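Here is what each chain is made of, one letter per residue.
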Amino acid sequence: MQEEVENRTVNLAISTTKLTARTIIMKGLRMFLNHCAKSKAKKAAAKDEIPHGKQTVQELIGQNQGVSSIPIAQTELKGFERVAKKYGVDFAIRKDASVDPPRYTVFFKARDEAALTAAYKEYAAQETFNKDRPSVRKALTKLAEKVVPTPKKVREKSQERSL
C-alpha cells in the first residue's frame, strides 16, 4: 500500500513538472512571436515614412516632387548641413571629384527653393564672418611673447650634520 502511494505521489510530481514546463515554453513562444510581429510592423512603418533632412539623391528623386540643384565650391559643408537642418530643407549633397578642388552640388526639392536660398545666405554670412574674425590663439601667443617672464626664486636646501 505504501509503495502505491509513493508511486502516485512521484507520478503526480512528474506530471505537474511537465505541465509547468509546457506552460512556460508555450508562454515564451507566444511572447517571442508577438515580439517578431511587432518588429515587422515597425520596419514596415519605417519604410513607408518619408525621409527628411540630408538623404541620398535617389531618395530625393523618389519622392516625385521635383528636384533642383545649386553648385557649391566650398569644401566645409558641416555648417551648411546645420543651417539647412534648421530651415527644414530636404537635400542631398553630391561631390564632383573630377574638378580640382572638388566641387559639390546640393540637390533639393523644388518646393524648398525659398527656404534653401535663405539657408544658403545665412551659411555664406557665417562663413564670411568666421574668415574675417581674428584668431584668439594668435593674439594670445603675441601677448605671451611680449610679457617678460619673472624669475622664480631659487631655494637651496642643505642639511648639516654634526658629530
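A separate point is the overall build of the protein. A count of helices and strands for the protein gives five helices and three strands. Going from N to C terminus, the protein has its helices and strands arranged as α-α-β-α-β-β-α-α. The C-alpha radius of gyration of the protein comes to 36 Å, more than 25% above the 15 Å expected for a compact globule of 163 residues. Across its three principal directions, the C-alpha atoms of the protein cover 110 × 100 × 30 Å. Sorting the 163 residues of the protein into buried and exposed places 16% on the buried side.

What follows deals with the packing of aromatic side chains. Across all of its chains, the model carries one aromatic pair by this definition. Summarising the aromatic geometry, the rings of tyrosine 120 and tyrosine 123 are spaced 6.4 Å apart at their centres and angled 45 degrees between planes, so their arrangement reads as tilted. Remark: tyrosine 123 and tyrosine 120 occur in helix H4 (residues 113-132); sequence separation between them is three residues, near one turn of the helix. Tyrosine 123 sits in the buried class, given a relative accessible area of 1%.

Once that is clear, we can look at the sheet that holds strand E3 (residues 103-109). Pairing is antiparallel across the open sheet formed by three strands, whose spatial order is E1-E3-E2. If you trace the sheet from one side to the other, it starts and ends with strand E1 (67-72) and strand E2 (91-96), each paired once. Geometrically, the sheet is characterised by an average inter-axis angle of 25 degrees between neighbouring strands, direction not taken into account. Relative to E3, E1 runs antiparallel, the two being bridged by six bridges. Each bridged residue has a counterpart across the sheet, and for serine 69 the counterpart in E3 is phenylalanine 107.

Before going further, it helps to examine the confidence of the model for the protein. Per-residue pLDDT for the protein averages 82, and the proportion of residues at 70 or more is 94%. Model confidence for the protein, summarised as mean pLDDT per element, is weakest for E1 at 80 and strongest for helix H5 (residues 136-146) at 87.

So, about the nonpolar core. Ranked by internal contacts, the top residues of the largest apolar core, which has 13 residues, are Phe80, Ala84, Val89, Phe91, Val106, Phe108 and Leu116. In contact with valine 89, other than residues within four places in its own chain, are Gly53, Ala84, Phe108, Asp112, Ala115 and Leu116.

Attention now moves to the pairing of E3. Looking at chain direction, E2 and E3 are connected through six bridges and run antiparallel. When the sheet's bridge partners are listed, isoleucine 93 is paired in E3 with valine 106. Where E2 folds back onto E3 in an antiparallel hairpin, the turn is made up of six residues.

Within this structure, the stated rule accounts for four salt bridges. With its nearest N and O atoms 2.8 Å apart, the salt bridge here joins lysine 86 to glutamate 122. Residue lysine 86 is found in helix H3 (residues 78-87), and its partner glutamate 122 is found in helix H4; the two are separated by 36 residues along the sequence. Here aspartate 90 and lysine 109 are joined by a salt bridge, their closest N and O atoms 2.8 Å apart. Pair noted here: aspartate 90 is in the loop between H3 and E2 and lysine 109 is in strand E3, with a separation of 19 residues, a long-range link. Each of the two residues, aspartate 90 as well as lysine 109, counts as buried.

Below, the discussion takes up the environment of threonine 117. Along the chain, threonine 117 turns up in helix H4. Its relative accessible area of 36% is what places threonine 117 among the partly exposed residues. Each C-alpha atom of the pair threonine 117 and isoleucine 70 lies 9.7 Å from the other, and the pair is 47 residues apart in sequence.

Rules and cut-offs
Residues numbered from 1 in each chain as written. Predicted model: local features only at pLDDT ≥ 70, side-chain atom pairs only at ≥ 80, totals over all residues. Heavy atoms only, no water. Helix = DSSP H or I, 4+ residues; strand = E, 2+ residues; numbered from the N terminus. Rg over C-alpha atoms; globule rule 2.2 N^0.38 Å. Buried < 20%, exposed > 50% of the residue type's maximum accessible area, 1.4 Å probe, protein only. Phe/Tyr/Trp six-rings, centres within 6.5 Å; stacked < 30°, edge-to-face > 60°. Pairing = 2+ DSSP bridges. Axes fitted to C-alpha atoms, helices over the stretch in contact; angles between N-to-C directions. pLDDT = per-residue confidence, 0-100. Core = buried A, V, L, I, M, F, W, Y, C linked by side-chain atoms within 4.5 Å. Contact = heavy atoms within 4.5 Å. Salt bridge = Lys/Arg side-chain N within 4 Å of Asp/Glu carboxyl O.

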